[in-house]
Amino acid sequence: MSLVAMLASEATRFTIVLVMVAGLYIVIARNNLIKKLVGLSLFQSSVYLLYLLPGKIFGGTAPIIDPRFDVYANPLPHVLILTAIVVGIGTLALGLALAIRIKEAYGTIEEDEVLAKDRGPAGAAARKAGPRG
Amino acid sequence: MSFLAAIDQHLPVIVVLAPLLGAVLVALVRVEIASWPIAVLAALISAAAAFRLVFVVEQLGVVSYRLGGFAPELGIEYRVDAVNVLILLVVTAVSLVTLLYARQSVAAEIDGGRVPWFYAMMLVAMAGLLGMAITGDAFNAFVFLEISSLSTYTLIALGRDRRALVAAYQYLIVGTIGATFYVIGVGLLYLATGTLNLALIVERLPDVVSPRALIAAEAFILVGIALKLALFPLHAWLPNAYGYAPSAATVLLASTATKVAVYLMARFLFGVFGIHVEIGPVSVTGVLILLSLAAMFVASLAAVFQRDVKRLLAFSSVAQIGYITLGLALANPAGLTGAFLHIVNHALMKGAAFMAIGAVLLRCGSSRLDDLAGIGRTMPATAVALTIAGLGLIGVPGTSGFVSKWYLVLGAFDDGKGWLAFMIVASSVIAVLYVGRLLEVVWFREPGKAALAASEAPLSMLLPTLLLAGLTIFFGIDAEMPARLAGAAATVLLGGHP
């Protein structure tokens, strides 16, 4: 492997870990329910990269059999990640839908405010109304 | 080939497909009256297939099913052995009983238009859990894990209380982090071995040059699954999720969801990595024993101070999962048998307990401990079921909880850890406190206004509740059948042949 290729591969690895940790940090540190979901998406995206990176082979081509080529990229990670992306979209959609319902029921999407509204006697009275208001 | 033989060949896929297709059918038909019968029928087919699989596996040892006819190298393999056939049986049987129980509870707790969606989600959750248990492919397990998780979040969010939404959101965040950790670990395993089939991974593990990749993979996978099975201290999502979900959903989750995650952990610990691997200076069994003990004591103590019965039982679930993981960590035949017995027994008694609470919720409109005062006089049969389940949770002799704890104690002594046996007994004393508090309120308090107005639960809810409670007693007296299945599972996990 040439020096350029080696550096490039190290750089992608660092990027993956950076995105992974940054995403996880946002999930933990942010208070806003939507921003948490964005962080979660970043975290998941880094995993897509983690899978896809080793599937790429230098000089390899798309895995369609052709007499002109004899080195192919590994197609399996792509298929796996296609599935994982679908799962990620489902999770994000459900999370956003829940955020909307929380906004309707509580009038806010800041997590600490939501939790504070259920404490104390005022919270007990409001809860009776139920999520559908 | 006769028709029956043809069905026998396709049993593994029928178990999963029946609830999955049933869910699609319920969602397409979307008629409130039709959804319950379809759901029950789908669960019945699945349960029948799982029941038949028990016999097939006892004859053949291992049933391997290649989806689409592709070899495991390329395709996905369903692999059923003595370990997961037990899980399949528990999940399908309890789901079926839960669905039989659900009709009136769901009609009372869920808005009319959402009832078909509720049943569709129950079936999807069931299919996801069964898929996790049956698959022999690490990535396929992730997909099924997310199928069951996403439907679970939806089920929880259908709860009446607005806190159900927050509980579902928080579980979604934690659950997704757990699943992503798992998939990172699987990715590392794939990089190291070039395959996703669990059996092939095991074959190729000795050739892996870098132990560091394996250690990282094991750490990610175990932590990811630990989040899903609510291993202490990763259990924070569970009490709210169980507490605010609709009653029928709570029954399904409490008795099956965490159990399947435990199975997956056992599969990776014993079947892939080997239980005695050490990560640096830390031994996996040591950590697992420590966390299990913490769960048994801390969560039991937390249960004592709960004001809502559903949350009380949820904390008790965290503690009971501690007993199961303790059995895994013991890693000897008696301990593992105890763990798998407890998976079965806890599914039955927690199912019965949450069903009883669901009936109380239907009749009294509350699951607060104070509102249950004197309920034993107006709803005696429900209260009896709750009492039997409670005694099972303590592990009173004559209930199935005693049998599984007995095996765990035996396992502790086999391992030369007498102090651990003492801890198992000591933590049961805390269970006496929270169950005692519950039973005192139910039987000895003066009934309140709500309890006096309540009448006995409808038969369609009472019979499933009493069935599970009855099985708790039956397996406490005659544990031959579950002990044989759990023993076979333990033998296979420890590398022997049943």
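Just so we're clear, the structure is a prediction, and the values are computed from it rather than from any experiment.

1. A short note on the overall build of chain A
Logical step 1: Check the secondary structure of chain A and you find five helices and zero strands.
Logical step 2: When the elements of chain A are put in sequence order from the N terminus, they spell out α-α-α-α-α.
Logical step 3: The buried share among the 133 residues of chain A stands at 35%.
Logical step 4: The contacts of chain A with a sequence gap of at least 6 include a subset with a gap of at least 24, amounting to 47%.
Logical step 5: Only carbon and sulfur atoms are counted for the fraction: they give 72% of the accessible area of chain A, which is about 7,900 Å².

2. Re the UniProt feature "transmembrane region" (unreviewed entry) in chain A
Residues and elements named next belong to chain A.
Logical step 1: The UniProt record annotates "transmembrane region" (unreviewed entry) at residues 12-30, 37-59 and 79-100.
Logical step 2: The span residues 12-30 carries 95% helix and 0% strand; its end-to-end C-alpha distance comes to 26 Å.
Logical step 3: Structurally, residues 79-100 is divided into 100% helix and 0% strand, and its ends, taken at the C-alpha atoms, are 32 Å apart.

3. Observations concerning the interface of chain B and chain A
Logical step 1: The partner chain A presents 41 residues to the 34 residues of chain B that form the contact.
Logical step 2: Both sides together, the interface formed by chain B and chain A hides about 3,400 Å², and carbon and sulfur atoms give 73% of it.
Logical step 3: One can count one salt bridge joining chain B with chain A.
Logical step 4: When the shortest N-O distance is used, the salt bridge between Arg162 of chain B and Asp118 of chain A registers 3.2 Å.
Logical step 5: Connecting chain B to chain A are eight residue pairs in polar contact (both at pLDDT 80 or more).
Logical step 6: Contributions of two or more residues to the side of chain B that touches chain A are made by helix 6 (138-157) and helix 7 (163-193) of chain B.
Logical step 7: Considering every element that reaches the side of chain B that touches chain A, the biggest residue donor is helix 7 of chain B, with 18 residues.

4. A look at the pattern of salt bridges
Between side chains of opposite charge, a pair can form as their charged atoms come close.
Logical step 1: This model, assessed by the stated rule, comprises 15 salt bridges over all chains.
Logical step 2: Here Arg13 of chain A ties to Glu10 of chain A by a salt bridge, and the two come within 3.2 Å at their closest N and O atoms. Placement of the pair is Arg13 of chain A and Glu10 of chain A together in helix 1 (residues 3-29), with a separation of three residues, close to one helical turn.
Logical step 3: Its relative accessible area of 34% is what places Glu10 of chain A among the partly exposed residues.
Logical step 4: Between Glu58 of chain B and Arg484 of chain B there is a salt bridge, and its shortest N-O distance comes to 2.6 Å. Here Arg484 of chain B lies in helix 21 (residues 480-493) and Glu58 of chain B lies in helix 3 (residues 32-60), a separation of 426 residues in the sequence.
Logical step 5: Since its relative accessible area comes to 46%, Glu58 of chain B is described here as partly exposed.

5. Brief notes about unusual backbone geometry
All names here are of chain B.
Logical step 1: Omega for the peptide link from Phe232 to Pro233 comes to 5°, which places this bond in the cis form.
Logical step 2: Phi is positive for Ala230, which is not a glycine, with a value near 60°.
Logical step 3: Inspection of the secondary structure assignment puts Ala230 in the loop between helix 9 (211-228) and helix 10 (237-244).
Logical step 4: Here Ala331, not a glycine, exhibits a phi torsion of approximately 55°, which is positive.
Logical step 5: For Ala331, the location among the structural elements is in the loop between helix 13 (309-330) and helix 14 (333-364).
Logical step 6: Using a relative accessible area of 13% as the deciding quantity, one classes Ala331 as buried.

Rules used in this analysis
- Residues numbered from 1 in each chain as written.
- Chains lettered and ligands numbered in written order.
- Predicted model: local features only at pLDDT ≥ 70, side-chain atom pairs only at ≥ 80, totals over all residues.
- Heavy atoms only, no water.
- Helix = DSSP H or I, 4+ residues; strand = E, 2+ residues; numbered from the N terminus.
- Buried < 20%, exposed > 50% of the residue type's maximum accessible area, 1.4 Å probe, protein only.
- Contact = heavy atoms within 4.5 Å.
- Areas by Shrake-Rupley, 256 points an atom, 1.4 Å probe, with all protein chains shown as cover.
- UniProt positions renumbered as here; feature names shortened; annotations may be inferred.
- Buried area = accessible area lost by both parts, 1.4 Å probe.
- Salt bridge = Lys/Arg side-chain N within 4 Å of Asp/Glu carboxyl O.
- Polar contact = N/O pair within 3.5 Å; in protein donor to acceptor, adjacent residues only side chain to side chain.

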